[in-house]
Amino acid sequence: MGEILSFGAASGQAARVDTVFLMILVIGGFFFVLTQGLLIYFAVKYRRRRPDRDNETPQITGDYLLEFFWILIPSIVVVAIFYYGWLVYADLRIPPAGATDVYVNARQWMYEVRYTDGRTAINEIHVPAGKPVRFILSASDVLHGFYLPDFRVKMDMIPGRTTTLWVQPDRPGRYPIYCTVFCGAGHSNMTANLIALPPAEFAQWEAGGERGGPEGKGPEALAARGERIMKSAGCLNCHAVEGKKIGPPFKGLFGSRVTLEDGTTVAADEEYLRESITDPGAKIVKGYQNMMPTFKTTLSTEDVNGLVEYIKGLK
Ligand code: HEC
Ligand SMILES: [Cu+2]
C-alpha cells in the first residue's frame, strides 16, 4: 500500500507530505460525497409533486444540540488537519544536525552549484544517498524557484536574500529540479538534477575520480576563500576572531542569538551573516556603532558565501 500511494516519493519527508495530502483528500472527499449526496437525495425526495397542494416546508428556528455538534465536529477535523500538517511542515523546515551544506545560486538561466570544498558545477548537484543535505539558496538577477517534486519541497531563490531548504534522498537516483518562478525567455529550460549516489560512489566522486573532479591543484575550499577575503578585504581592521575591536568578534557567532541595538534578538544564521556583510546598517549589534561599510558591490556572491562559511567554522 505504501508503495502504491507514494507517487514516487524519494524521501521519508515526501511520503509524509503525501500522507497529509491523502488525509485531506479523503476527509474532503467524504464530506463532499455526504453533502452532495444528501443534496441530490433531498432535492428528489422533497421535490414539488403537485402544484395544486400547499407544499410549504416547516420553519425550524434553531436546535442547540445540532448546532453544538456541527460546530464541534468540523472544528475537531480542521484542527486535526492543521496539527498534522504543522508537524510535517516543521520537519520540512528544520534540518537535522549534521546536514551537508551546498550553496546554489540561480541566474538567468542556470543553477550555479558550489560545494563547501570549493568544487563548482552547473545544473548538477551530487550528494550521498541516505544523508541529509541542506541547500543555501541565492539569486543574482531575478526571482527564481528551486523545486524538487520527488521530495515535495520548493523554495524561492531571491536576489539579496539567503533562503534554505533540506532533503534526504532515501535511495540513489537522479531527481529533477525545476525553476518555478517565471524568470524570462529561458525559464522553461531552467532545470537541474540532484544526483544521489550510493555512499561508496559518492566517496569516489568526492575524491575526484573520473566523475569530473578538479584538475591539478584543486579548487579552493569555500572557508579557505573566506579566510583569504577576510584578510584582504580589511575586515580584520575592525574585527578580530576573538575579542571586541571596533566590531564584534566572529568566534561562536554562527548559531548564537545576537542582541541588537533596539533590544530585539536575531538568530545568527546564514541569512543574518550575509545581510551583516552586504547591508550592515540593517541590523546594528548592541553596544556597537553603525560604522561598517557595505560590501554589497565589492564582494561577489561566492566571496560572501566564503566569508559565511569561514565564520560558520569559527566555533
Ligand atoms: C570599519 C570597520 C568595519 C569593517 C571594515 C568591517 N566591519 Fe563588520 N562590523 C563592524 C561593526 C562596528 C559592526 C557592529 C555594528 C553592526 O552591526 O553593523 C560589524 C558587524 C559585523 C557582523 C555582525 C556581527 C555580529 O556579532 O552580529 C558581521 C558578520 C561582520 N561585521 C562581518 C564583516 C566582514 C566579513 C567584513 C569584511 C568583508 C567586515 N565585517 C568589515 C565594523 C566593520
Ligand atoms: Cu529561473
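Counting starts from 1 at the beginning of each chain's written sequence and moves along it residue by residue. Both sets of labels track the order of writing: A upward for chains, 1 upward for ligands. Under the rules for a predicted model, residues below a pLDDT of 70 receive no local features and side-chain atom pairs below 80 are neither given nor counted, while totals for whole chains, interfaces and linings still include all residues.

Here we look at the overall build of the protein chain
Item 1. Of regular secondary structure, the protein chain possesses eight helices and 12 strands.
Item 2. The quantity called the radius of gyration is restricted to C-alpha atoms. Its globule counterpart is 2.2 Å times the number of residues to the power 0.38. Taken against the 2.2 N^0.38 rule, which gives 20 Å for 315 residues, the C-alpha radius of gyration of the protein chain at 27 Å runs more than 25% over that of a compact globule.
Item 3. C-alpha extents for the protein chain along the principal axes are approximately 95 × 55 × 40 Å. By the criteria applied, helices consist of DSSP H or I runs no shorter than four residues and strands consist of E runs no shorter than two, each listed in order from the N terminus.

Focus: the site of ligand 1
Item 1. Neighbouring ligand 1 are 26 residues; C235, C238, G247, P248 and M292 lie closest to it.
Item 2. Those elements that provide at least two residues to the shell around ligand 1 are α6 (235-238) and α7 (270-278).
Item 3. For this classification, Asp, Glu, Lys and Arg are treated as charged, while Ala, Val, Leu, Ile, Met, Phe, Trp, Tyr, Cys and Pro are nonpolar and the rest, including Gly, are polar. Looking at the shell around ligand 1 residue by residue, the class counts come to 19 nonpolar, seven polar and no charged. Nearness rests on one distance test: the residue's C-beta atom, set from the backbone, must lie within 6 Å of the molecule or strand.

What about the nonpolar core?
Item 1. By definition, a nonpolar core groups buried Ala, Val, Leu, Ile, Met, Phe, Trp, Tyr and Cys residues that are joined through C-beta atoms within 7 Å. Any residue with 12 or fewer other C-beta atoms within 10 Å of its own C-beta is exposed, any with 20 or more is buried, and the rest are partly exposed; the C-beta atoms used are placed from the backbone. If you look at the biggest cluster of nonpolar residues, it comprises 32 residues, and the most contacted ones within it are V102, V104, I125, F135, L137, F146 and L194.
Item 2. All domain edges in this entry derive from an automatic or database-based domain assignment. Residues from two domains meet in this core; each of domain 1 (2-93) and domain 2 (100-206) gives at least three.
Item 3. The contact criterion used here is simple: two residues whose C-beta atoms, placed from the backbone, lie within 7 Å are in contact. When neighbours within four sequence positions are excluded, I125 is seen to be in contact with V102, V113, A192, L194 and I195.
Item 4. In terms of nonpolar packing, the next biggest core, distinct from the first, is built from 13 residues, L222, F250, L273 and I277 among them.

A word on the sheet that holds strand β1 (residues 100-107)
Item 1. Strand order across the open sheet formed by five strands is β3-β2-β1-β5-β8, with mixed pairing between neighbours. Each having just a single partner strand, β3 (120-122) and β8 (163-167) make up the two edges of the open sheet. Mean inter-strand twist for the sheet, computed between neighbouring axes without regard to direction, equals 25°. Here, a strand pair is defined by DSSP locating no fewer than two bridges between the strands. Only C-alpha atoms enter the line fits that serve as axes; for helices the fit covers just the stretch in contact. Angles between N-to-C directions range over 0 to 180 degrees.

Observations concerning the domain arrangement of the protein chain
Item 1. Structurally, the protein chain comprises domain 1 (2-93), domain 2 (100-206) and domain 3 (222-313).
Item 2. If you average the C-alpha positions of domain 1 and of domain 2, the two centres end up 38 Å apart.
Item 3. On the side of domain 2, 10 residues touch domain 1, which itself brings nine residues to the contact.
Item 4. A total of four residues in the side of domain 1 that touches domain 2 trace back to one element, the largest contributor, which is helix α2 (residues 12-45).
Item 5. In terms of residue class, the side of domain 1 that touches domain 2 is built from five nonpolar, four polar and no charged.

A word on the confidence of the model for the protein chain
Item 1. Within a predicted model, pLDDT stands for the predictor's per-residue confidence, ranging from 0 to 100. Mean pLDDT over the protein chain works out to 87, with 94% of the residues at or above the 70 mark.
Item 2. The secondary structure element of the protein chain with the lowest average pLDDT is helix α1 (residues 2-5), at 48, and the one with the highest is strand β6 (residues 144-148), at 95.
Item 3. In the predicted structure, residues 209-217 sits below a pLDDT of 50 and forms six contacts with residues beyond four places in sequence or in another chain.

Section: the packing of α2 against helix α3 (residues 64-93)
The packing of two helices is summarised by the inter-axis angle and the distance between the axes.
Item 1. Their axes nearest at 10 Å, the elements α2 and α3 cross at an angle of 165°. Classed by the angle they form, the pair α2 and α3 counts as roughly antiparallel. Taken as a pair, α2 and α3 cross one another with a handedness that is left-handed. Together, Q13, R16, V17, V20, M23, I24 and I27 of α2 and V77, I81, Y84, G85, V88, D91 and L92 of α3 make up the contact between the two elements.
Item 2. Here the residues of the contact of α2 with α3 sort into 10 nonpolar, two polar and two charged. Should an angle fall under 35 degrees it is taken as roughly parallel, and over 145 as roughly antiparallel, whereas 65 to 115 is taken as roughly perpendicular and any remaining angle as oblique. Note on convention: near helix rotated counterclockwise from far helix by under a right angle means a left-handed crossing. Clockwise means right-handed.

Points about the packing of α7 against helix α8 (residues 301-313)
Item 1. Relative to each other, α7 and α8 sit at 125°, their axes nearing to 10 Å. By the angle between their directions, the pair α7 and α8 is classed as oblique. The two elements α7 and α8 cross, and the hand of that crossing is right-handed. Across from E270, L273, R274, I277 and T278 in α7, the residues of α8 making contact are V304, L307, V308 and I311.
Item 2. Across the contact of α7 with α8, the residue classes break down as six nonpolar, one polar and two charged.

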